[in-house]
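Below are the chains, spelled out letter by letter.
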Amino acid sequence: QVQLVESGGGLVQPGGSLRLSCAASGFAFSIHDMSWYRQAPGKERELVARITSPGGSTNYADSVKGRFTISRDNAKNMVSLQMNSLKPEDTAVYYCYAQHRFVSAGHYWGQGTQVTVSS
């Protein structure tokens with residue numbers, strides 16, 4: 001049974017930091033690219049960060065470059081997103097996403113975790 005379970009969301013003040021984690025199971029984690037997406041109310045879901053299989057390359061949305069860092073631990077089947085210098089516009093539900101490196105149909109979404117940046 002495929003599972004992607006996010007954790008670490010919550011309420012943080014502007015300028016603060018938060019670390020999100022995604023625990024994966026039920027599929028070959030190490031041959032899937034892993035990403036974090038986010039969606040705010042009334043907005044389209046957008047790519048925040050991606051790290052390729054097995055972890056040699058990363059890319060980020062322009063809005064988070066220099067503030068967010070994505071990482072993965074293939075031995076633990078886990079991907080993380082370290083978020084620093086948080087802004088109110090970072091408020092959204094954050095989703096973990098897995099994409100098989102070669103098989104287009106091999107993709108999975110987590111349930112999401114809420115991040116709220118407010119004073």
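Residues numbered from 1 in each chain as written. Predicted model: local features only at pLDDT ≥ 70, side-chain atom pairs only at ≥ 80, totals over all residues. Heavy atoms only, no water.

1. Remarks on the pattern of salt bridges
This model, assessed by the stated rule, comprises four salt bridges. Across the salt bridge formed by glutamate 46 and arginine 38, the nearest N and O atoms sit 2.7 Å from each other. Given a relative accessible area of 6%, arginine 38 falls into the buried group. For the salt bridge of lysine 65 with aspartate 62, the shortest nitrogen-to-oxygen distance reads 3.1 Å. Each member of the pair, lysine 65 together with aspartate 62, is exposed. In the salt-bridge network here, residues are joined through shared partners; they are Arg38, Glu46, Arg67 and Asp90. (Salt bridge = Lys/Arg side-chain N within 4 Å of Asp/Glu carboxyl O. Buried < 20%, exposed > 50% of the residue type's maximum accessible area, 1.4 Å probe, protein only.)

2. Considering the packing of aromatic side chains
Under the definition given, this model contains five aromatic pairs. Aromatic pair tyrosine 37 and tyrosine 97: ring centres 5.6 Å apart, planes at 85°, arrangement edge-to-face. Taken as a pair, tyrosine 37 in strand β4 (residues 32-39) and tyrosine 97 in strand β9 (residues 92-100) lie far apart in primary sequence, 60 residues in all. Taking relative accessible area as the criterion, tyrosine 97 reaches 11% and is therefore assigned buried. Ring geometry for tyrosine 37 and tryptophan 109: centres 5.1 Å apart, planes at 65°, overall edge-to-face. Pair noted here: tyrosine 37 is in strand β4 and tryptophan 109 is in strand β10 (residues 107-109), with a separation of 72 residues, a long-range link. On the accessibility criterion, tyrosine 37 (14% relative accessible area) is buried. What links up through ring pairs into an aromatic cluster is the set Tyr37, Tyr95, Tyr97 and Trp109. When the ring centre of tyrosine 95 is taken as reference, the NZ or CZ atom of arginine 45 above it lies at 3.8 Å. In this arrangement the basic side chain of arginine 45 is found over the ring face of tryptophan 109, its NZ or CZ atom lying 4.6 Å from the centre. (Phe/Tyr/Trp six-rings, centres within 6.5 Å; stacked < 30°, edge-to-face > 60°. Helix = DSSP H or I, 4+ residues; strand = E, 2+ residues; numbered from the N terminus. Lys NZ or Arg CZ within 6 Å of the ring centre and 35° of its normal.)

3. Quick look at the sheet that holds strand β1 (residues 3-7)
Spatial ordering of the open sheet is given by β1-β3-β8-β7, a layout of four strands whose pairing is antiparallel. Two strands in the sheet have a free side with no partner beyond their single neighbour: β1 and β7 (68-73). The average angle at which neighbouring strand axes cross in this sheet is 15°, direction not considered. Relative to strand β8 (residues 78-83), β7 runs antiparallel, the two being bridged by six bridges. (Pairing = 2+ DSSP bridges. Axes fitted to C-alpha atoms, helices over the stretch in contact; angles between N-to-C directions.)

4. Thoughts on the pairing of strand β5 (residues 46-51)
Along any regular strand, the residues point their side chains to alternate faces of the sheet. By the bridge criterion, five bridges tie β4 to β5 in an arrangement that is antiparallel. In the strand pairing of β5, arginine 38 is matched with glutamate 46. Between the end of β4 and the start of β5, which pair antiparallel, lie six residues, with glycine 42 showing a positive phi angle near 75°. The loop that links β5 with its antiparallel partner strand β6 (residues 58-60) comprises six residues; one of these, glycine 55, has a positive phi angle of about 135°.

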